[in-house]
Amino acid sequence: SNHLSLLPAWDDAEGVRRASELFLATYGGRPDGVWAAPGRVNLIGEHLDYNGGFSLPFALPHRTFVALARRDDEFVRLVSDLGAGEPWTGSLDDLGPGRAAGWIAYAGGPAWVLRDEGLPVGGFDAAIASCVPLGAGLSSSAALETAVALALDELFHDGTLGADDAGRTRLAAACVRAENEVAGAATGGMDQAAALRTTAGHALLIDSHDASVRQVPLDLDAAGLAVLVIDTRAPHALADGQYASRRAACERAAARLAVPTLCAVADPEAALARLDDPEEVRRARHVFTEQERVRRVIDLVSASRLSEIGPDLDGSHASLAGDYEVSCRELDVAVSAARDAGARGARMTGGGFGGSAIALVERGAESRVADAVASAFAEHGFTPPAFLVARASAPGGRVA
Ligand code: ADP
Ligand code: MG
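As a starting point, this report considers the structure included with it.

Quick look at the nonpolar core
Formed by 77 residues in total, the largest nonpolar core has its most connected members in Leu56, Phe58, Leu218, Leu262, Ile309 and Val373. It is helix 8 (residues 278-302) that provides the largest number of residues to this core, a total of 9 residues. Not counting residues up to four positions away in its chain, the partners in contact with isoleucine 309 are Leu43, Val297, Leu300, Val301 and Leu360.

Notes on helix 9 (residues 310-322)
Across its 13 residues, helix 9 extends 18 Å between first and last C-alpha, which sits within 8% of the 18 Å expected from 1.5 Å per residue. All of the buried residues along helix 9 are Gly310, Asp312, Leu313, Ser316, His317, Ser319 and Leu320. For helix 9, the secondary structure elements touched by its buried residues are helix 8, helix 10 (329-340), strand 10 (345-349) and strand 11 (356-362).

Points about the packing of helix 2 (residues 103-116) against helix 3 (residues 140-157)
Axis separation between helix 2 and helix 3 bottoms out at 9 Å; the angle between their running directions is 35 degrees. In the packing of helix 2 onto helix 3, the handedness of the crossing is right-handed. Here helix 2 contributes Trp103, Tyr106, Ala107, Pro110, Ala111 and Leu114 to the contact with helix 3, which in turn contributes Ser141, Leu144, Glu145, Val148, Ala149 and Leu152. By residue class, the composition of the contact of helix 2 with helix 3 is 10 nonpolar, 1 polar and 1 charged.

A closer look at the environment of leucine 228
For leucine 228, the location among the structural elements is in strand 9 (residues 225-231). Between the alpha carbons of leucine 228 and proline 31 there is a distance of 35 Å; along the sequence they are 197 residues apart. When residues no more than four places from it in sequence are discounted, the contact partners of leucine 228 are Leu6, Ala357, Ile358, Ala359, Glu366, Val369, Ala370, Phe387, Leu388 and Val389.

Overview of the packing of aromatic side chains
Within this structure, the stated rule accounts for 4 aromatic pairs. Ring plane angle 70 degrees and centroid distance 4.9 Å describe the contact between phenylalanine 23 and tyrosine 27, whose orientation is recorded as edge-to-face. Separated by 4 residues within a single helix, phenylalanine 23 and tyrosine 27 lie in helix 1 (residues 12-27), roughly one turn from each other. Each member of the pair, phenylalanine 23 as well as tyrosine 27, carries the same accessibility label: buried.

A look at the site of ligand 1
Ser80, Gly135, Gly137, Ser140 and Ser141 are the nearest of the 17 residues found near ligand 1. A distance of 2.8 Å is found between a nitrogen atom of ligand 1 and a side-chain nitrogen or oxygen belonging to serine 80. Glycine 137 is positioned with one of its backbone polar atoms (N or O) 3.0 Å from an oxygen atom of ligand 1. In isolation ligand 1 exposes 560 Å². Once the protein is present, 79% of that is buried. Of all the elements, helix 3 adds the most residues to the shell around ligand 1, at 3 residues. Split by residue class, the shell around ligand 1 holds 9 nonpolar, 7 polar and 1 charged.

A closer look at the environment of isoleucine 298
Looking at the element boundaries, isoleucine 298 is found in helix 8. By relative accessible area, isoleucine 298 is classed as buried at 6%. When the C-alpha positions of isoleucine 298 and valine 216 are compared, they lie 7.5 Å apart, and in sequence the two are 82 residues distant. If sequence neighbours within four positions are ignored, isoleucine 298 has contacts with Leu56, Leu205 and Arg214.

Things to note about the pairing of strand 11
Most of strand 11 is tucked away, with 6 of its 7 residues classed as buried. The sheet contact formed by strand 9 and strand 11 spans 7 bridges and is antiparallel. Residue pairing in the sheet places isoleucine 230 in a bridge with alanine 357 of strand 11. Here strand 10 pairs with strand 11 via 5 bridges, running antiparallel. Of the residues in strand 11, the one forming a bridge with alanine 346 is alanine 359. Counted along the chain from strand 10 to the antiparallel partner strand 11, the turn is 6 residues long, and its residue glycine 350 has a positive phi close to 90 degrees.

Quick notes on the sheet that holds strand 10
The 4 strands lie next to each other as 10-11-9-12, forming an open sheet whose pairing is antiparallel. Of all strands in the sheet, those bounded by a partner on one side alone are strand 10 and strand 12 (386-390). Sheet twist, expressed as the mean angle between neighbouring strand axes with direction ignored, is 25 degrees. Where helix 9 meets the sheet, it contacts strand 10 and strand 11, and its direction lies at approximately 40 degrees from that of strand 10.

A word on the sheet that holds strand 2 (residues 54-55)
What the 3 strands build is an open sheet, ordered 2-7-8; its pairing is antiparallel. Only two strands of the sheet have a single neighbouring strand rather than two, namely strand 2 and strand 8 (212-217). In this sheet, strand 8 lies alongside strand 7 (residues 202-207) in antiparallel orientation, the contact comprising 6 bridges. Residue pairing in the sheet places leucine 204 in a bridge with glutamine 215 of strand 8. Its contacts with the sheet put helix 5 (residues 190-197) on strand 2, strand 7 and strand 8, and the angle it makes with strand 7 is roughly 140 degrees.

Definitions and cut-offs
Residues numbered from 1 in each chain as written. Chains lettered and ligands numbered in written order. Predicted model: local features only at pLDDT ≥ 70, side-chain atom pairs only at ≥ 80, totals over all residues. Heavy atoms only, no water. Core = buried A, V, L, I, M, F, W, Y, C linked by side-chain atoms within 4.5 Å. Buried < 20%, exposed > 50% of the residue type's maximum accessible area, 1.4 Å probe, protein only. Helix = DSSP H or I, 4+ residues; strand = E, 2+ residues; numbered from the N terminus. Contact = heavy atoms within 4.5 Å. Expected span 1.5 Å × (residues − 1). Axes fitted to C-alpha atoms, helices over the stretch in contact; angles between N-to-C directions. Left-handed = near helix turned anticlockwise from the far one by under 90°. Nonpolar A, V, L, I, M, F, W, Y, C, P; charged D, E, K, R; others polar. Phe/Tyr/Trp six-rings, centres within 6.5 Å; stacked < 30°, edge-to-face > 60°. Near = heavy atom within 4 Å. Polar contact = N/O pair within 3.5 Å; in protein donor to acceptor, adjacent residues only side chain to side chain. Areas by Shrake-Rupley, 256 points an atom, 1.4 Å probe, with all protein chains shown as cover. Pairing = 2+ DSSP bridges.

Next up, the structure:
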């Protein structure tokens, strides 16, 4: 058997200690406070955000911590526990589109956007420590952006935006702008909404048709269940072009059907019969069936029948692999090995071509299922996967 560990989530005390120690070692002195924001997984509703449909993410217990202090000038210094040594140093202007690159765009971009939107943001020093795996499809990027945005709102703007959902919606939108315009990553708003607008013990139903959200109680413990997250650590080199081509096929299909987005179609059967391009048929079929699966999962979860969502998780994976063609060998092996080891259901989560999968398992079976997946990866000669256990956790906020 493999020696595997489930990646632990830091509690407030540990995250505060790590970020504050990095702050002290880098800048000397103490921060004005420490803020934290979570990564997320999407339970179901994949590739629906740009099709006017649902997604159902929930916040992970794994968070990014930011120790931050105001400065009296326009300078910004940024350090992360990922890159040791000297902090990045620049001005607020250096954090704008076309100027900030790499991780600085994610850490500093929100400051530039908030100031661009008229908030009185000045210079600051920040130290970042995180237990969210990077680039695993678990949204380390939004965890970082939103933790910084919450800190700046509180220190420069009396916490006006962080205080209620309307304000958090604005902060989330600013972080989306930072990711799109500064980091140059074409992502939707699911990750930032999950980090800022969820409540503990709930998944966040996001309806991208009208950008509305609803809290859906998700009590895995009460159902005797757990969600095991499998980070395949598969490289996903082709992902960008593939994402654009899926989006384009959906837009072509919607145009042919004379609807603004595919999820606006009233009669999916009739719509599929009217499409004749086989690629558009497959892509549209995923969208239609996935939207149905999300509806079913919401009904089951709302009726305290969480243990019955397994077939919809399996159906989601089959549809993403077959009709949408965004899975990969590592994701397929992860979900089938998890099911063989007794998972109630499993699916890739996130955009695909690598990243992570989730498996719904009985409480107490997490390590056994993880072990089985790790063995299957070893047999296939894949990079060893990483694991963590997800429970519906709290949104971002101040922790010290
Ligand atoms: P994901 O959001 O799924 O983890 P992304 O590619 O969207 O993957 O974001 C990962 C990027 O976010 C990293 O490459 C890095 O630039 C930045 N990032 C996230 N967390 C941190 C961190 N703790 N320290 C520095 N940079 C980070
Ligand atoms: Mg991301």
